[in-house]
Amino acid sequence: MLILMTRVQFSIQNQPVTSMVCDPLNGGDVHVVGGRVKTERVRLQWRWSKIIRVDVTLDEGETWHTAQLTQDDSQLNRCWAWSLWECEVPLPEGIKIGDQIKVTCCAVDSNYNRQPEKVKNIWNLRGCLSNAWHSITVNVK
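Every value quoted in this text rests on a predicted model; they were computed, and no experiment measured them.

Next up on the list: the overall build of the protein. The number of helices and strands found in the protein is 0 helices and 10 strands. Ordering the α and β elements of the protein from the N terminus gives β-β-β-β-β-β-β-β-β-β. When burial is assessed residue by residue, the protein has 32% of its 141 residues classed as buried. When the accessible surface of the protein is summed, it comes to about 9,400 Å², and 52% of that surface belongs to carbon and sulfur atoms.

And the structure:
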């Protein structure tokens, strides 16, 4: 009797939409100018589809503000690099100098895939392709 065994291997063919907060650093300081906080972020696109929007919130997702893509010269079907963006967000009511705020970002690609809010529904043992909203806590100066 001949038994043939095959080993099925799966590879990651496409990356999910991912964005992350790089500046300021977690625990860092943000300076309020005219009631607004300037954020600069990076979004990694290592996939076929292009990032078309990045949203930023300072109030746990109650209000979102669309970031300006500052390096957006890639073709729609050839996107294998970092996308830079920045956003000026009004400080939520009741926040004053010395408080801490949570800054959260979320990206959308040209196929209208959006990052999930929480990792709960996409969790896996190895942590592969985990792409939930990214948040940091910063000090208001």
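Moving on to the pattern of salt bridges. Oppositely charged side chains can form a pair if their charged atoms are brought close together. One pass over the structure, following the stated rule, counts 5 salt bridges. Of the charged contacts, one joins Glu88 and Arg36 as a salt bridge, the two residues approaching to 3.6 Å between their closest N and O atoms. Of this pair, Glu88 sits in strand E8 (residues 79-90) while Arg36 is found in strand E4 (residues 36-47), placing the two residues 52 residues apart along the sequence. On the basis of relative accessibility, which here comes to 45%, the residue Glu88 falls in the partly exposed class. You can call Arg36 partly exposed: its relative accessible area is 33%. Of the charged contacts, one joins Arg53 and Asp55 as a salt bridge, the two residues approaching to 2.9 Å between their closest N and O atoms.

A few words on the environment of Val138. Among the structural elements, Val138 can be located in strand E10 (residues 134-140). The class of Val138 is buried, set by a relative accessible area of 0%.

Taken in spatial order, the 5 strands of this open sheet run E2-E10-E9-E5-E6, and their pairing is mixed. Two strands bound the open sheet, and with one partner strand each, they are strand E2 (29-30) and strand E6 (65-66).

To continue, consider the side chain of Asn131. Here Asn131 lies in the loop between strand E9 (100-109) and E10. Overall, the relative accessible area of 7% leaves Asn131 in the buried class. A polar side-chain atom of Asn131 sits 2.8 Å from the main-chain carbonyl oxygen of Val17. Beyond its immediate chain neighbours, meaning those up to four positions away, Asn131 contacts Pro16, Val17, Thr18, Gln115, Pro116 and Ile122.

Thresholds applied
- Residues numbered from 1 in each chain as written.
- Predicted model: local features only at pLDDT ≥ 70, side-chain atom pairs only at ≥ 80, totals over all residues.
- Heavy atoms only, no water.
- Helix = DSSP H or I, 4+ residues; strand = E, 2+ residues; numbered from the N terminus.
- Buried < 20%, exposed > 50% of the residue type's maximum accessible area, 1.4 Å probe, protein only.
- Areas by Shrake-Rupley, 256 points an atom, 1.4 Å probe, with all protein chains shown as cover.
- Salt bridge = Lys/Arg side-chain N within 4 Å of Asp/Glu carboxyl O.
- Pairing = 2+ DSSP bridges.
- Polar contact = N/O pair within 3.5 Å; in protein donor to acceptor, adjacent residues only side chain to side chain.
- Contact = heavy atoms within 4.5 Å.

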